[in-house]
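Per-entry structural report
What follows is the residue order along each chain.
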There are 2 protein chains.
Amino acid sequence: MVSKLDTKTRILDAAESLFAEHGFSDTSLRLITTRASVNLASVNYHFGSKKELIQAVIARHLELFMPLLNEKLTALCAQAEKPSVLDVFNSFVDPLLALEQQSKNGTVIFMQLLGRSYTDQQGHLRWYITTHYGEVLANITKALLKANPALSSQELFWRLHFTLGTAVFTMGSSGALMDIAKADFNQDIDVEGLIRKVIPYLASGMNTSTETTSM
Amino acid sequence: MVSKLDTKTRILDAAESLFAEHGFSDTSLRLITTRASVNLASVNYHFGSKKELIQAVIARHLELFMPLLNEKLTALCAQAEKPSVLDVFNSFVDPLLALEQQSKNGTVIFMQLLGRSYTDQQGHLRWYITTHYGEVLANITKALLKANPALSSQELFWRLHFTLGTAVFTMGSSGALMDIAKADFNQDIDVEGLIRKVIPYLASGMNTSTETTSM
DNA sequence: GTAATTTTAAAACGTTCGTTTAAAAAGGGT
DNA sequence: ACCCTTTTTAAACGAACGTTTTAAAATTAC
């Protein structure tokens, strides 16, 4: 069934890095197959179309990330004492870093793909995630509500998307940001360092006192 | 010099909405010129190339937004009493809403273009902004440091980009988010409402207590 | 070992893209 | 009216795209 190194896997590996770097439509199948050292037609043979290849690339990351995250979240929800919002967001660290092992720069690529999928078309990926990983999403809100019961479901909705925006943008452009940080004030920081830097920011935002917001 | 309604302007109007909707490379010149009811070749005649058209679209928004923002920020920096971070971020409201008058959905389009420009290629727009509007950027940090003197320039750098990510993502996908809010809990909110909702979140993040973050 | 199936390979398909060309139309100055 | 410049138009260009086709090669099954 599998040879030395699967053609399918080689295509996925090449595609995911190129998609993250140049975007979906700016990455041609010829570029992907050249980097993967496979024949052009093999993409259509193994995946059917370019669109299905895109879905497969994203699905492979989600299949690793989501179960790991869900494990952490259910543990947090099951424990007796009340977690902090910081605890909830810290649950994302290990699953995100696990992506780094699946492929080089896996964490960054995952976030870039997430961001691109969210903006490149309307709701396509959003629908995929909610239908395939609705339980995980429910556990995210459950854990956050346990950590901050004062949040209305509406406020939680908005702040979750604010959180997503920060995370996607920060991690997605992390390469450029880390370069600037190095050039401007000689700060060396890696992906894990950046994740740990953004999490307190996200927790603060999630804990914004509601008295200053209207409605 | 100008006719009833400039061909150049018609192209810019059509291009900016299509760019925001479909992205730069997924928007063809034929689609733009058809919507603008002008000849295909007029884009190359008036702008030179598609790339220069993209720059012109973004520049038109920046030329309106940046001076307005700078006015607010310099006023804030000139006043005697210390502003809050909330005050600084509130300075963005009017300039953002001014874009709404220049073109329909101007605010959202501006943020979408900002986000796409930041992710579609590395540093191209970033360089343009820093060279053309470096003074405004300097005033942003100046105002924020006045509001929160405890911030190190490094922390400010990171939090500013966290802020940018939240704003770009939130406003860029505001259409979808407002639709979901309407469907899920019948919440009607417009662009100004969304801006005013995200600002306290951003201020909280910017004011994150540094004792929990490690260097 | 041979037959059936799966995978790879090269070539071509038709379409769409950004851009260029060359001529027609419109505008402005005197 | 005339010339000169600017703008618009229609048509075509070459390149790159995703996909399909057809046959060879490799793998599997018996």
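Located above this text is the structure these notes cover.
So, here's what we can say about the structure.

Reading guide: rules and limits
- Along every chain, residues carry numbers that run from 1 in the direction the sequence is written.
- The naming scheme follows written order: chains are lettered A onward, ligands numbered 1 onward.
- Two thresholds apply to this predicted model, a pLDDT of at least 70 for residue-level local features and 80 or more for giving and counting side-chain atom pairs, whereas whole-chain, interface and lining totals are computed over all residues.
- Computation of side-chain values covers all heavy atoms of the structure but excludes hydrogens and water.
- Under the scheme used here, helices are H or I runs from DSSP no shorter than 4 residues and strands are E runs no shorter than 2 residues, and both carry numbers assigned from the N terminus.
- Relative accessibility decides the category of a residue: with a 1.4 Å probe and only protein chains considered, values under 20% of the type maximum give buried, values over 50% give exposed, and everything between is partly exposed.
- Taken from the helix axis, the directions to the C-beta atoms give the arc we talk about.
- Throughout, near means a residue has at least one heavy atom within 4 Å of the molecule or strand.
- Counting of polar contacts relies on pairs of N or O atoms within 3.5 Å, with two restrictions inside protein: one atom must be capable of donating a hydrogen and the other of accepting it, and residues adjacent in sequence are counted only when both atoms are side-chain atoms.
- Charged residues are taken to be Asp, Glu, Lys and Arg, nonpolar residues to be Ala, Val, Leu, Ile, Met, Phe, Trp, Tyr, Cys and Pro, and polar residues to be all remaining types, Gly included.
- A pair of Phe, Tyr and Trp rings is counted when the ring centres sit within 6.5 Å of each other, with Trp represented by its six-membered ring. The angle between the planes then sorts it: under 30 degrees is stacked, over 60 is edge-to-face, the rest tilted.

In this section: the overall build of chain A. Regarding its fold elements, chain A presents twelve helices and zero strands. Sequence-ordered secondary structure for chain A, helices as α and strands as β, is α-α-α-α-α-α-α-α-α-α-α-α. In terms of overall dimensions, chain A has a C-alpha envelope of 60 × 45 × 30 Å along the principal axes. Per-residue burial for chain A yields a buried fraction of 51% across its 215 residues.

So, about helix α2 (residues 29–36) of chain B. Residues and elements named next belong to chain B. Turning to α2, its buried residues are Leu 29, Ile 32, Thr 33 and Ala 36. Down the axis of α2, the buried side of the element spans an arc of 90°, and every buried residue falls inside it. Pointing more than 90 degrees away from the buried face of α2 are the exposed residues Arg 30 and Thr 34. Note on α2: the residue one or two positions beyond its end, Ser 37, has a positive phi of about 55°.

For DNA strand D, the set of nearby residues contains 16 residues, the closest of which are A:Leu29, A:Arg30, A:Lys50, B:Thr7 and B:His46. Of what DNA strand D places within 4 Å of the protein, 50% of the atoms are sugar or phosphate. Between A:Arg30 and DNA strand D, the recorded distance is 2.9 Å, taken from a side-chain N or O atom to a base nitrogen. Residue B:His46 places a side-chain N or O atom 2.7 Å away from a phosphate oxygen belonging to DNA strand D. Contributing elements (two or more residues each) for the surface near DNA strand D: α2 (29–36) of chain A together with α3 (42–47) of chain B. Across the surface near DNA strand D, the residue classes break down as six nonpolar, seven polar and three charged.

Another aspect to go through is the packing of aromatic side chains. Under the counting rule described, the total for this entry stands at 14 aromatic pairs over all chains. Residues B:Phe157 and B:Trp158 carry aromatic rings whose centres are separated by 5.0 Å and whose planes lie at 75° to one another, so their mutual orientation is edge-to-face. Residue B:Phe157 shares its accessibility class with B:Trp158, and that shared class is buried. Connected via pairs of aromatic rings, a cluster forms that spans A:Phe65, A:Phe89, A:Phe92 and A:Phe110.

The quantities given are spatial measurements derived from coordinates; they are silent on function.
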